[in-house]
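This is what each chain is made of:
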Amino acid sequence: MKSLKYKIIYEDDKILIVDKPSGLLTIASNDKNEPNLFHMVSLHVKEKDKYAKVFIVNRLDKLTSGIVVFAKDYDLKIKLQSYFEDRTVIRKYEAIVAGILKKDKDRIKIKLVEDKFGNVFISNHGKEAITDYVVVKNDGTNTLVDISLVTGRKNQIRLAFVAIKHPIIGDTKYAKEYAKNTKRMMLNCYELVFPNDAPISQHKFSIQKNFNYKATLMSCFFRWYILFFYKRVRK
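Cut-offs and rules
- Residues numbered from 1 in each chain as written.
- Predicted model: local features only at pLDDT ≥ 70, side-chain atom pairs only at ≥ 80, totals over all residues.
- Heavy atoms only, no water.
- Helix = DSSP H or I, 4+ residues; strand = E, 2+ residues; numbered from the N terminus.
- Contact = heavy atoms within 4.5 Å.
- Areas by Shrake-Rupley, 256 points an atom, 1.4 Å probe, with all protein chains shown as cover.
- Core = buried A, V, L, I, M, F, W, Y, C linked by side-chain atoms within 4.5 Å.
- Buried < 20%, exposed > 50% of the residue type's maximum accessible area, 1.4 Å probe, protein only.
- Salt bridge = Lys/Arg side-chain N within 4 Å of Asp/Glu carboxyl O.
- Polar contact = N/O pair within 3.5 Å; in protein donor to acceptor, adjacent residues only side chain to side chain.
- Expected span 1.5 Å × (residues − 1).
- Arc of directions from axis to C-beta.

**A look at the overall build of the protein chain**
Piece 1. The helix and strand tally for the protein chain stands at four helices and 11 strands.
Piece 2. Once local pairs closer than 6 in sequence are excluded, the contacts in the protein chain between residues at least 24 apart make up 61%.
Piece 3. Here the protein chain has roughly 14200 Å² of accessible surface; of this, 52% comes from carbon and sulfur atoms.

Structure below.
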């Protein structure tokens with residue numbers, strides 16, 4: 001099994017911010033042998049102080065990459081989580097979704113229910129989940145979108161795009177037909193911004209975006225050029 005490594009992007013005496021890779025659990029599952037980010041970060045802080053602890057502030061799905069926040073004391077964890085609950089944390093994601101979206105930007109509203117087994121699905125009796133997106137570009141087949149979360153429910157982004165029939169590429173749970181020829185799910189949390197009154201020294205955390213269509217678009221250009229040249233030769 002390939003080793004999954006996280007990257008520390010910020011650390012001080014109060015918080016620790018990491019970039020989680022796709023394929024790594026945030027916390028332990030029923031399979032106690034499967035690696036998880038919480039265990040790895042706990043080992044990191046104990047290298048300096050064997051009594052040190054960390055507390056998870058936000059979580060990402062196993063297949064989602066990006067920013068995860070840890071607090072170094074319980075009271076701070078509760079305080080920082082309250083900003084997420086109050087919807088005052090700016091949460092920015094990028095994703096590649098199947099097909100060409102009709103609207104350049106939109107707000108997707110759905111209702112989600114989680115069963116006793118942890119499975120999440122769309123239901124009229126669920127809790128509201130609101131997702132905003134803006135189209136960045138497309139390659140003629142799929143679309144790169146920039147996403148802002150209004151609410152932050154489990155599997156929200158994935159199910160939002162399933163609802164509008166443009167699932168995220170690589171989503172093995174909700175859109176297996178779009179996960180056959182890719183190594184990962186194309187969803188990445190690239191920025192979190194806490195409000196200025198949050199009791200931490202730094203409020204904005206960003207990582208480099210993972211997805212761009214420069215190479216894909218160049219490939220499309222060469223395919224078009226070859227086809228154009230071929231037709232010219234045949235005339």
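**Quick word on the nonpolar core**
Piece 1. F70, L80, I147, F161 and F194 are the most contacted members of the largest nonpolar core, which has 59 residues in total.
Piece 2. Ignoring sequence-local partners within four residues, the contact set of L80 consists of I15, V57, V69, F194, A198 and I200.

**Here's the deal with the pattern of salt bridges**
Piece 1. Counted under the stated rule, the structure contains 10 salt bridges.
Piece 2. Here D146 ties to K209 by a salt bridge, and the two come within 3.6 Å at their closest N and O atoms. Remark: K209 occurs in the loop between strand 11 (204-206) and helix 4 (214-234) and D146 occurs in strand 9 (residues 142-149); sequence separation between them is 63 residues.
Piece 3. Among the salt bridges present, the one from K204 reaches E191, with a minimum N-O distance of 3.8 Å. With K204 in strand 11 and E191 in strand 10 (residues 187-193), this pair connects stretches of sequence that are 13 residues apart.
Piece 4. E191 sits in the buried class, given a relative accessible area of 15%.

**Here's the deal with the side chain of T151**
Piece 1. Of note, T151 is situated in the loop between strand 9 and helix 3 (156-163).
Piece 2. Look at T151 and you get buried, because its relative accessible area is 3%.
Piece 3. A distance of 2.8 Å separates a polar atom in the side chain of T151 from the backbone nitrogen of I130.
Piece 4. The residues touching T151, leaving out its near neighbours within four places in the chain, are R87, R91, E128, A129, I130 and Q156.

**A few points about the side chain of E34**
Piece 1. With respect to the secondary-structure elements, E34 resides in the loop between strand 2 (15-20) and helix 1 (37-46).
Piece 2. Residue E34 is classed as buried on the basis of its relative accessible area of 18%.
Piece 3. One polar contact links E34 to K62, side chain to side chain, over a distance of 2.6 Å.
Piece 4. Those residues in contact with E34, other than ones at most four positions away along the chain, are L25, S29 and K62.

**Details of the environment of R87**
Piece 1. Along the chain, R87 falls in the loop between helix 2 (74-85) and strand 5 (90-98).
Piece 2. Judged by relative accessible area, R87 falls into the partly exposed class, the value being 44%.
Piece 3. Along the chain, R87 and V150 lie 63 residues apart, while their C-alpha atoms are 6.5 Å from each other.
Piece 4. Once residues within four sequence positions are removed from consideration, R87 is found in contact with I130, V150, T151 and R153.

**Quick notes on helix 2**
Structurally, the α-helix is built with 3.6 residues per turn, so residues lying three or four positions apart point the same way.
Piece 1. The terminal C-alpha atoms of helix 2, which comprises 12 residues, lie 16 Å apart, in line with the 16 Å expected from a rise of 1.5 Å per residue.
Piece 2. Here helix 2 has its buried residues at L76, K77, L80, Q81, Y83 and F84. Burial along helix 2 is one-sided: seen end-on, the buried residues are contained in an arc of 145 degrees. More than 90 degrees from the buried face of helix 2, the exposed residues found are D75 and E85.
Piece 3. Lining the buried residues of helix 2 we find strand 2, strand 3 (55-56), strand 4 (65-71), strand 5 and strand 10.
Piece 4. Its side-chain oxygen 3.1 Å from the backbone nitrogen of D75, D73 forms the N-cap of helix 2.

**Section: the environment of K109**
Piece 1. Here K109 lies in strand 6 (residues 105-114).
Piece 2. As a C-alpha pair, K109 and T131 span 22 residues in sequence and 6.6 Å in three-dimensional space.
Piece 3. For K109, the residues in contact, after removing those within four places along its chain, are E128, A129 and I130.

**Topic: helix 1**
Piece 1. What helix 1 keeps buried is the set L37, V41, S42, H44 and V45. Down the axis of helix 1, the buried side of the element spans an arc of 160 degrees, and every buried residue falls inside it.
Piece 2. Buried positions along helix 1 lie against strand 1 (7-11), strand 2 and strand 4.
Piece 3. Here helix 1 starts with a cap whose side-chain oxygen sits 3.3 Å from the backbone nitrogen of F38, and that cap is N36.

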